[in-house]
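Next come the chains, spelled out residue by residue.
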Amino acid sequence: MPVSRSHFPRLSILLVACLLMPTVAKALGDPDRIFLSYDASNGLADNSAQSIKVTKTGRMVISTIGHINFYDGDAFVHIDPGNDHVFPLPKYNGHYHLYFDRHHHLWVKDKRQVTCVDLTVESFIKNVGAVIKEMGMTKPVDDMFGDINNNMWFLSGNTLYGTDDKKEFKLRHAAELQDVDVYNKKLHLQFYANGVVSVYDMEKNRFLCDIPALTSDDPLRYSDSSVILPDSNLYYQIRNGNKESVLMRLDIEKRQWTTLMRLPYHLNNMVMRDGMLYVASEYGYWVYDVETGDSQHIETVKLSRNRTLQTDINTIAFDRQGGMWLGTERRGILYSRPFRSPFTNYSWNQPEALVYEALLNKNVTEQALLPRHVNCQYRDSRGWLWTGLYTGLQLNRPDQQSYTMITEKDGLRNEMIHSIIEDDNHDIWVGTSFGISHLQIVNGKVGHIETYIQSDNVPNESFVNGRVMKQPDGTIIMQSLDHIVVFNPKNLIQDSLKSFRLAPKLVRVQVNGHQIEPGMELEGKVIIDRAVSRLWEINVDYDQNTLSLVFSGLNFARPIQTYYRVRVQGLFNDWRVYSYTNSRGMVDPKGLLHMQLSALKPGKYVVEVQVSMDPDHFEMRPYHWNINVDEPWWRSTGIYLLLGLILLLLGIANVVLFNKNTRMAMLRNSKENDILRRISNYVKRCDELHEEVLSLANTTDNTEVGDEENKEFIDAMLLIVPYLHTHSANQVSMRKLAELTGLEVSRLFELLSTNFYQNPRQMVAKLRIQEAAELLRTTKKSVEQIADELKFISPNYFIAVFYHQYRQTPLDYRKSRAL
């Protein structure tokens, strides 16, 4: 934007004013805060924020009308009460009060009713009366209070019961009891609507005194509502009347009240921070210096992009980093960082922009025609040449032959580089198409890169090529499309950021791609039984072994500057540092760490996480989350024990069967040896009768028609006897004899065992007839010769026995075989 000559006198005056602004701001002390707004469009349940609390771990709890909202830096999550969640408080006529107790409950009190949130599962409790009874309060409840030690007190009639301290006190005044607290664990204090404070001795359970109201001229003038804030031996109290309010301070040791301010409108809440009392009101908020008594009314708050807002403030809170949160009646919540942004931007309709543009016109020379894809070049005090390209920042050093490219993988938020400058600390600052990046030069190398964007009060627009300069005091001026941005790197608070103590919080869990909620079943198994934020152990089956864990560093001040230090025992034991710039998406712009654990083998894993705003300093201890992946049922310890038992039983059975089989084999072998011995003896008896003359007297055949078993025995022996004559004893077994006879071993065993009693003479006769048949077939011996040779008593007896066997005479047998 060109500057005309007629503007020069006015611009000169403005230039002096601009150069003096840092000094003036410093002299005034607390600079104006710039707030970011969050409302229903960001996920808040309602734009009327009634109260704000900070949990011990740093999460924000915001009550809106009818809802409780939780905020962990990612998104607002709200829970809603139903009619069955409400418990009546007949004597409470005030507005929202939030109390944390010692039993993981959050109590939300508002206009004659109270609801209770179970923080372990982050849901409203249906039977609030049952919870109160569990705490020891069995009488009807008219009102309830929480003290500084998170002890709960219940009012029933004119008696106040402390369920945690097991104390009870009778009320001494008819006026409404509005607040209760315990001082130094010794004094019990009761604040009444008429301004009187009753003091009791906690140990002796007796009344000490009444501290009269400061506004005793009209004690009920400010009786509508009360808010107290303890601070050491002092109590600050807000009391509201119809359309007015008073802020007072009570020195409990001196029993003395002091009025700090009276206002013609309501004061709503207050909080103490660094010796300053911040008081929410119908018109902005007040800041009261408790040491000097000075006060400042902030009626108009500044928003980003040079906007302003006038609104009523219901509540004020400070997070663990020191960030300030304002809850408004209709504008949602406002957040201001714990430090002032060093960046000030001026739009073209502001005269300061013209002043700084004139300085740029005077001090920035047009660069020579640059090659294509080159936006700017800059040579620093070391002689290093920096070149801003479309694709990153190129560094050429005189002591190195090759150049270095710095891109998004090195930490740049945007690779389109428009302007480059060196500060007094010899670090490099570049203006990009999305923010201003700071390159820290450490030991002659590019170290960490931090980028400042819209949330840091940097315009969300491209910067102009080459339009940058540094003033003698170190102030840097950069020109963007619609603004002039002015900052002094000396005002950065990187060193103080190291002192911020951040704690990681698990905010989301997915198993096999399913979002897990408390009590939810996945494939028949309940994965978690409490809120994710209160989870320290996850148990899954062997086939539920792909997990996604999302952690928040609760870094509300600069989420993009969140560094995580992580290791997973059982998976990788080395510490790894992740940030938005080096994690390839594991850390998102909101500062959330997305950890993917895939295909975990059955076993135990420990996820350890630290978080910091400085990658070189992790002061807080690691937080631990245990993950247990169960073995398959067939590989579980119980199954192993069962299998072991089965194998043991099988082993025992095998030993028993082996012993039994061994005994049976021994018995069988013994029986077989016995039967073979008997067969051998039978054959010997037959052999002994071989020379005996056969006659009718000693060879009577007892074989009867139909006596098949006796015949079967004779047939078998007729085969066995010759076999035994031609084979040695070690060649003979029952199996071979069974094969010879064509019988089963068992049948042969039975047959022989039951027939050995027979007279062997019959067998001898059969054998001789069998031999005779052989001689008839193979020789020409006469019947008389054969009968004589085979020891038959006569040829006729031979012929009769032969005919009985073959149903032929010997001569007919010979003739039939000769054919």
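Residues numbered from 1 in each chain as written. Predicted model: local features only at pLDDT ≥ 70, side-chain atom pairs only at ≥ 80, totals over all residues. Heavy atoms only, no water.

### A look at the overall build of the chain
- Within the chain, the secondary structure is distributed over twelve helices and 54 strands.
- Taking 28 Å as the expected radius of gyration for a compact globule of 819 residues, we find that the chain reaches 53 Å, considerably beyond that expectation.
- If one aligns the C-alpha atoms of the chain with their principal axes, the spans along those axes are about 170 × 90 × 40 Å.
- For the chain, contacts bridging at least 24 residues in sequence account for 54% of all contacts bridging at least 6.
- As displayed, the chain has an accessible area near 40,500 Å², and 51% of this comes from carbon and sulfur atoms.
- Across the chain, 90 positive and 96 negative side-chain charges occur, with their mean positions spaced 3 Å apart. (Helix = DSSP H or I, 4+ residues; strand = E, 2+ residues; numbered from the N terminus. Rg over C-alpha atoms; globule rule 2.2 N^0.38 Å. Contact = heavy atoms within 4.5 Å. Areas by Shrake-Rupley, 256 points an atom, 1.4 Å probe, with all protein chains shown as cover. Lys, Arg positive; Asp, Glu negative; His and termini not counted. Charge placed at Lys NZ, Arg CZ, Asp CG, Glu CD.)

### Here's the deal with the sheet that holds strand β36 (residues 404-406)
- As summarised here, the arrangement of the four strands in space is β33-β34-β35-β36, forming an open sheet in which the pairing is antiparallel. Both edges of this open sheet fall to β33 (374-379) and β36, since each of them pairs with a single strand only. In this sheet, adjacent strand axes meet at a mean angle of 20 degrees when their direction is disregarded.
- Direction of pairing for strand β34 (residues 385-389) relative to strand β35 (residues 392-396): antiparallel, over a ladder of five bridges. Note that in β35 the partner of G388 across the bridge is L393. (Pairing = 2+ DSSP bridges. Axes fitted to C-alpha atoms, helices over the stretch in contact; angles between N-to-C directions.)

### Here's the deal with the nonpolar core
- Formed by 52 residues in total, the largest nonpolar core has its most connected members in L549 and V607.
- Ignoring sequence-local partners within four residues, the contact set of L549 consists of L506, R508, V509, I538, L593, H594, M595, L597, V607 and I627.
- One finds Y682, M717, L724 and I769 within the second-largest nonpolar core, a separate group that totals 43 residues. (Core = buried A, V, L, I, M, F, W, Y, C linked by side-chain atoms within 4.5 Å. Buried < 20%, exposed > 50% of the residue type's maximum accessible area, 1.4 Å probe, protein only.)

### A look at a nonpolar patch on the surface
- Among the surface-exposed residues, Y640, L642, L643, L645, I646, L647, L648, L649, L650, I652 and V656 lie close enough to one another that they form a single nonpolar patch of about 1,100 Å² accessible area.
- Structurally, L648 can be placed in helix α5 (residues 637-688). (Patch = residues over 30% accessible without salt bridge, like charges linked within 9 Å, V, L, I, M, F, W, Y side chains within 5 Å. Salt bridge = Lys/Arg side-chain N within 4 Å of Asp/Glu carboxyl O.)

### Some words on the packing of aromatic side chains
- One pass over the structure, following the stated rule, counts 32 aromatic pairs.
- On the basis of an interplanar angle of 50 degrees and a centroid distance of 5.1 Å, the ring pair of F343 and Y452 is categorised as tilted. Of this pair, F343 sits in the loop between β31 (333-336) and β32 (344-347) while Y452 sits in strand β40 (residues 445-452), and the two are 109 residues apart along the sequence.
- When its relative accessible area of 3% is taken as the criterion, Y452 is described as buried.
- Ring geometry for W384 against W386: centres 6.1 Å apart, planes inclined by 50 degrees, an arrangement best described as tilted. For the pair W384 and W386, a shared accessibility class is recorded, and that class is buried. (Phe/Tyr/Trp six-rings, centres within 6.5 Å; stacked < 30°, edge-to-face > 60°.)

### Remarks on the pattern of salt bridges
- Per the counting criterion, the structure on display carries 27 salt bridges.
- A salt bridge links R382 to D380; its shortest N-O distance comes to 3.0 Å.
- Note on D380: relative accessible area 6%, which makes it buried.
- In this structure, R530 and D529 form a salt bridge, with 3.5 Å as the shortest nitrogen-oxygen distance.
- Note on D529: relative accessible area 55%, which makes it exposed.
- Look at the salt bridges and you will find they share partners, linking R337, E450, D456 and R558 into a network.

### Structural notes on the packing of helix α9 (residues 760-778) against helix α12 (residues 810-818)
- The N-to-C vectors of α9 and α12 enclose an angle of 55 degrees; their axes lie 9 Å apart at closest approach. Considering the angle they form, α9 stands oblique to α12. α12 is crossed by α9, and the crossing has right-handed handedness. From α9, A773, L775, L776 and R777 reach across to α12, where they touch P810, Y813, R814 and R817. (Parallel < 35°, antiparallel > 145°, perpendicular 65-115°, else oblique. Left-handed = near helix turned anticlockwise from the far one by under 90°.)

### Quick look at helix α7 (residues 734-741)
- All of the buried residues in α7 are M734, L737, A738 and T741. Burial along α7 is one-sided: seen end-on, the buried residues are contained in an arc of 105 degrees.
- G742 lies just past α7 and shows a positive phi near 75 degrees. (Arc of directions from axis to C-beta.)

### Regarding the side chain of H483
- Structurally, H483 can be placed in strand β43 (residues 483-487).
- A polar contact of 3.0 Å, which involves the side chain of H483, links it to the side chain of E461.
- Apart from residues no more than four positions distant in its own chain, H483 is found in contact with N345, Y346, S347, W348, P459, E461 and M478. (Polar contact = N/O pair within 3.5 Å; in protein donor to acceptor, adjacent residues only side chain to side chain.)

### Quick notes on the pairing of strand β13 (residues 159-162)
- Side chains T159 and Y161 of β13 all project onto a buried face; the interleaved residues L160 and G162 project onto the opposite face, where all are buried too.
- Hairpin connection of strand β12 (residues 152-156) to β13: two residues between the antiparallel strands, including G157 at a positive phi of 65 degrees.
- One ladder, built from four bridges, connects β13 with strand β14 (residues 167-170); its direction is antiparallel. Across the sheet, the residue bridging to L160 is F169, located in β14.
- The turn linking β13 back onto β14 is made up of four residues, and K166 within it adopts a positive phi angle of 55 degrees.

### Notes on the pairing of strand β15 (residues 177-183)
- Summarising burial for β15: seven of the seven residues are buried, a large majority.
- As paired elements, β15 and strand β16 (residues 187-192) share six bridges and run antiparallel to each other. Within β16, the position partnered with D181 by the bridge is L189.
- Once β15 ends, the chain turns through three residues before running back antiparallel as β16, passing N184 with a positive phi of about 55 degrees.

### Details of the layout of surface pockets
- Within this model, the second largest pocket holds a volume of roughly 980 Å³.
- Around the second largest pocket, the lining comprises 30 residues; the ones closest to its centre are K53, L98, I228, L229 and P230.
- Those elements that place two or more of their residues in the lining of the second largest pocket are β2 (49-54), β7 (97-100), β11 (143-146), β15, β19 (225-231), β23 (267-273) and β29 (313-318).
- If one sorts the elements of the lining of the second largest pocket by residue count, β23 sits on top with five residues.
- Taken together, the residues of the lining of the second largest pocket sort by class into 19 nonpolar, six polar and five charged. (1 Å grid on protein atoms, 1.4 Å probe; cavity = no way out; pocket = protein on both sides within 12 Å on 5 of 7 lines; lining within 4 Å. Points joined across faces, edges and corners; volume = space filled by probe spheres on them. Nonpolar A, V, L, I, M, F, W, Y, C, P; charged D, E, K, R; others polar.)

### Digging into the environment of C116
- Of note, C116 is situated in strand β9 (residues 113-118).
- Taking relative accessible area as the criterion, C116 reaches 0% and is therefore assigned buried.
- Taking the C-alpha atoms as reference points, C116 and V131, 15 residues apart in sequence, are found 8.8 Å from one another.
- Beyond its immediate chain neighbours, meaning those up to four positions away, C116 contacts H105, L106, W107, S123, F124, I125 and V128.

### Here we look at the sheet that holds strand β41 (residues 463-470)
- Spatially, four strands are ordered β32-β43-β42-β41 in an open sheet, and the strand pairing comes out antiparallel. With partners counted over all chains shown, the strands left at the sheet margins are β32 and β41, one partner each. Within this sheet the neighbouring strands show an average axis-to-axis angle of 20 degrees, counted without direction.
- Sheet analysis places β32 next to β43, joined by four bridges and oriented antiparallel. Note on β43: the bridge partner recorded for S347 is H483.

### Digging into helix α3 (residues 351-363)
- Taking 1.5 Å per residue as the helical rise, α3 with its 13 residues ought to reach 18 Å, and the 19 Å between its terminal C-alpha atoms agrees with that figure.
- Among the residues making up α3, those that are buried are E352, A353, L354, V355, Y356, E357, L359 and L360. (Expected span 1.5 Å × (residues − 1).)

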